[in-house]
Structure formats: C-alpha cells, structure tokens
Amino acid sequence: METKWLEDFITLAQTKNFSKAANLRCVTQPAFSRRIQALEGWLGCELIDRGAYPTRLSAQGEVFYEQALVMLEQIRQARTVVRGGAAQNRKQVRLVVPHTLACSKVPHWVQTLQQRLADQVRDLSFQLTASNVHDAVLHFTDGACDFLACYHHSREPIELDPTRYEYKVLGTEPFMPFSKVGSSGEPVFTLNHLAPLPVPVLSYSRHAYLSRMVDIALAAGPVFLQQSVFETDMSESLKAMCEEGVGVAWLPGSVVGQSTCLAPIDGPYRTEMEIRLYRRNPKNRDAGVAQDHLDLVWHLWPDAHSG
C-alpha cells in the first residue's frame with residue numbers, strides 16, 4: 001500500500017468527484033481510478049458505491065475514510081519527528097520549487113544567499129527539490145522542507161492557511177508568447193487576424209500550473225485558431241523548441257533570459273505572476289529545533305530581480 005493511495009482516497013472522499021479529485025492530484029482520471037482500485041484491492045473491499053451517482057463512499061469506505069485520515073497524520077508526524085531530530089544540529093536550507101524556478105531563479109538565490117550569509121552562518125548547505133506545483137506545496141505542508149518558492153496569480157492562487165504559513169513577494173514575472181526571430185529580425189509567428197492559420201503552439205501539459213497561466217493570458221483578447229504541436233511540463237523544453245522555430249510558446253521572462261533567438265509577440269495575450277516565498281509561521285515551529293539560520297535566510301533572501 002502506498003501513501004499516495006491514501007491521499008487519493010481522501011481527496012476523492014472530500015470532493016465526491018473523480019474528475020475533480022484527479023485534477024487536484026495532478027494525474028489523469030484513468031490513472032487516478034486505477035490507484036483507487038489498487039487501494040481497494042489491497043483492502044479487499046470496495047470503497048466506492050459504484051451503483052450510485054454522484055460519487056459516494058460505500059459503507060466500508062465511510063469507515064476507512066476516518067482511518068485513512070488517522071493513518072496519514074501518523075505517517076506525517078513520524079516523518080516530522082525523525083526529521084526534526086536530525087535537524088537540531090544541521091545548518092541546511094531545504095527548498096522546494098516548481099521546475100521552472102529551479103532552472104531560472106534558484107542558482108541566483110543560492111549564490112546570493114551564500115555571499116550574504118558567509119560571515120554569519122558557517123557550513124550552510126542547500127537542498128533543492130524540484131517538482132510540479134501541486135506536489136511542491138504538499139512537500140512543503142508535510143514538513144519535508146523549510147521554504148516553498150512558487151508562482152502566484154490572483155486567478156489561480158496558491159491557497160495556504162495564513163495562520164500556519166507566511167509569505168513575502170519576491171517580485172513579479174512577465175508571462176507572454178514568444179516566437180523564433182526570423183531573418184528580418186521580426187518574430188516568425190504572430191497572433192493577429194493577419195497571421196497564417198493555424199498557428200503552431202507549443203503547450204504545457206494540462207495539469208501544469210503554467211497551462212492555467214496560458215488560459216488566463218488568452219482570455220485577454222480574441223483567440224485565433226491554434227494547433228498544439230508539442231506538449232510538456234517543462235518551460236525549458238518549450239523554450240528550446242521555440243528557438244528551433246517549431247511554434248509559439250508562452251514563457252516566463254526569466255526563462256527566456258538574454259536569448260537572442262526569441263522575440264515576444266505583440267498583443268494582449270500576456271499576464272504577470274508573483275513570485276512568492278513561503279515559510280511556516282514561527283509560532284508553529286517544532287520545539288527544540290534550532291532554526292536561527294533559517295530566520296537569517298528568510299530575512300536576507302534576495303528579491304526576484306536583484307543581482
């Protein structure tokens with residue numbers, strides 16, 4: 001039995017909808033259904049009343065739901081106790097970020113922090129976990145890391161309990177469509193009524209956070225016929241494909257960087273995201289764990305555009 005099966009089942013029990021639960025767990029519905037069935041196979045009973053609609057738990061499912069909550073909490077507490085004991089003497093900064101920030105921002109952050117902390121904290125090390133947004137947030141709330149850095153948009157917010165977690169805004173990130181630069185110095189592709197159709201689009205996977213940002217950007221103006229020719233979770237992969245002239249890609253400004261192969265496409269199809277840094281509220285810290293160096297890191301963390 002895998003822990004993620006418990007998380008899947010709890011999400012399904014709370015949403016009462018396979019599609020919504022699968023979306024929240026960042027998996028396809030068929031894969032999500034197979035995991036629920038695997039949990040039922042392990043238990044030897046059906047947890048879902050498949051003779052009813054909308055989705056509801058069976059009698060055994062109702063009983064197991066309460067047990068699943070307890071089991072998952074015990075697992076998390078055990079991990080916190082073990083990691084907390086090991087953390088008392090460590091001087092390590094554990095950071096979890098989405099893949100895009102891992103490539104575009106983390107190197108600058110680590111270098112700047114090492115310089116700023118050199119005379120105050122010795123033997124400081126950094127541990128980075130890169131993941132999709134959903135798993136990154138779970139990694140943080142489960143206590144597996146000290147800081148979470150992620151994008152935030154008012155129309156697609158990262159919702160964390162403000163009594164348990166605090167954040168600061170490191171800056172903003174433009175998010176816009178890019179095209180390869182042609183021999184004339186102009187973008188090869190455009191997004192207007194005169195553009196040859198269909199416009200080849202390099203897209204993010206449906207469950208990627210930046211896929212939702214593309215939807216928000218496109219809502220800003222009339223949408224012309226598009227055709228997705230490549231799909232991935234990784235903005236760096238989209239950048240590389242865009243530089244080859246395969247199609248149009250929506251990219252964060254920091255991912256494009258100083259590339260001379262790409263040019264932004266004029267038009268309304270863009271938006272801005274905040275870059276936020278989260279930590280646990282100091283009032284909720286585990287007793288006995290020395291975290292003075294984490295306070296320093298929090299206060300000296302560079303903004304998104306410094307350097």
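Everything that follows concerns the structure shown earlier in this document.
Now for a look at the structure at hand.

Each value, and the rule that gives it
Residues numbered from 1 in each chain as written. Predicted model: local features only at pLDDT ≥ 70, side-chain atom pairs only at ≥ 80, totals over all residues. Heavy atoms only, no water. Helix = DSSP H or I, 4+ residues; strand = E, 2+ residues; numbered from the N terminus. Buried < 20%, exposed > 50% of the residue type's maximum accessible area, 1.4 Å probe, protein only. Contact = heavy atoms within 4.5 Å. Lys, Arg positive; Asp, Glu negative; His and termini not counted. Charge placed at Lys NZ, Arg CZ, Asp CG, Glu CD. Salt bridge = Lys/Arg side-chain N within 4 Å of Asp/Glu carboxyl O. Phe/Tyr/Trp six-rings, centres within 6.5 Å; stacked < 30°, edge-to-face > 60°. Lys NZ or Arg CZ within 6 Å of the ring centre and 35° of its normal. Arc of directions from axis to C-beta. Expected span 1.5 Å × (residues − 1). Core = buried A, V, L, I, M, F, W, Y, C linked by side-chain atoms within 4.5 Å.

1. Some details on the overall build of the protein chain
Stage number 1. Each helix and strand counted, the protein chain has 11 helices and 9 strands in total.
Stage number 2. Judged by the C-alpha coordinates and their principal axes, the protein chain covers about 65 × 65 × 30 Å.
Stage number 3. Looking at the 307 residues of the protein chain, the share that counts as buried comes to 45%.
Stage number 4. Expressed as a percentage of contacts within the protein chain between residues at least 6 apart in sequence, the contacts between residues at least 24 apart total 77%.
Stage number 5. Positive and negative side-chain charges of the protein chain, numbering 30 and 33 respectively, have mean locations separated by a distance of 3 Å.

2. Observations regarding the pattern of salt bridges
Stage number 1. This structure, assessed with the given rule, holds 10 salt bridges.
Stage number 2. Arg25 serves as the salt-bridge partner of Asp8, at 2.6 Å between the closest nitrogen and oxygen. Separated by 17 residues along the polypeptide, Asp8 in helix H1 (residues 3–15) and Arg25 in the loop between helix H2 (18–24) and helix H3 (29–43) bring together distant segments of the chain.
Stage number 3. Under the relative-accessibility criterion, Asp8 is labelled buried at 0%.
Stage number 4. You can call Arg25 buried: its relative accessible area is 8%.
Stage number 5. Between Glu274 and Arg276 there is a salt bridge, and its shortest N-O distance comes to 2.8 Å.
Stage number 6. On the basis of relative accessibility, which here comes to 24%, the residue Glu274 falls in the partly exposed class.

3. Description of the packing of aromatic side chains
Stage number 1. Taken as a whole and assessed by the stated rule, the structure comprises 8 aromatic pairs.
Stage number 2. When the ring of Phe9 is compared with that of Phe64, the centres are 5.5 Å apart and the planes differ by 45°; the resulting orientation is tilted. Linking Phe9 in helix H1 with Phe64 in helix H4 (residues 59–87), this pair joins segments that are 55 residues apart in sequence. Pair check on accessibility: Phe9 and Phe64 agree, each one buried.
Stage number 3. The interplanar angle of 35° and the centroid separation of 6.4 Å between the aromatic rings of Phe175 and Tyr204 together place this pair among those described as tilted. With a gap of 29 residues between them, Phe175 in strand E4 (residues 165–180) and Tyr204 in strand E5 (residues 199–204) connect regions that are remote in the sequence. Each member of the pair, Phe175 together with Tyr204, is buried.
Stage number 4. An aromatic cluster of at least three residues, connected via ring pairs, comprises Trp109, Phe147, Trp298 and Trp301.
Stage number 5. Directly above the ring of Trp298 sits Lys168, whose terminal nitrogen or CZ lies 4.9 Å from the centroid.
Stage number 6. If you follow Arg280 out to its NZ or CZ, it ends over the ring of Phe140, 4.9 Å from the centre.

4. Things to note about helix H11 (residues 292–300)
Stage number 1. Of the residues making up H11, those classed as buried are His293, Leu294, Val297 and Trp298. Mapping the buried residues of H11 onto a view down its axis gives an arc of 145°, with all of them on the same face. What points out from H11, more than 90 degrees from its buried face, is the exposed set Asp292 and His299.
Stage number 2. Of the surrounding secondary structure, the elements contacted by the buried residues of H11 are strand E1 (92–98), helix H6 (106–117), strand E3 (147–152), E4 and strand E9 (271–280).

5. Quick look at H1
Stage number 1. With 13 residues, H1 should reach 18 Å at 1.5 Å per residue; the first-to-last C-alpha distance of 19 Å fits that figure.
Stage number 2. Within H1, the full set of buried residues consists of Trp5, Leu6, Glu7, Asp8, Phe9, Ile10, Thr11, Leu12 and Ala13.
Stage number 3. In the stretch just after H1, Lys16 is the one whose phi turns positive, near 60°.

6. Describing unusual backbone geometry
Stage number 1. Even without glycine at this site, Lys16 takes up a positive phi of about 60°.
Stage number 2. Along the chain, Lys16 turns up in the loop between H1 and H2.

7. Examining the nonpolar core
Stage number 1. One finds Phe147, Leu148, Trp250 and Trp301 to be the most contacted residues of the largest nonpolar core, which totals 63 residues.
Stage number 2. For this core, the element with the highest residue contribution is helix H8 (residues 209–218), accounting for 7 residues.
Stage number 3. Those residues in contact with Trp301, other than ones at most four positions away along the chain, are Leu95, Trp109, Leu113, Arg116, Phe147, Lys168, Leu170 and Leu277.
Stage number 4. Core analysis: the next-biggest nonpolar cluster, separate from the first, contains 21 residues, Trp5, Leu12, Phe32 and Ile36 among them.

8. As for the side chain of Glu7
Stage number 1. Turning to its location among the elements, Glu7 is positioned in helix H1.
Stage number 2. Filtering out sequence-adjacent residues up to four positions away, Glu7 remains in contact with Arg25, Leu72, Arg76 and Asp142.

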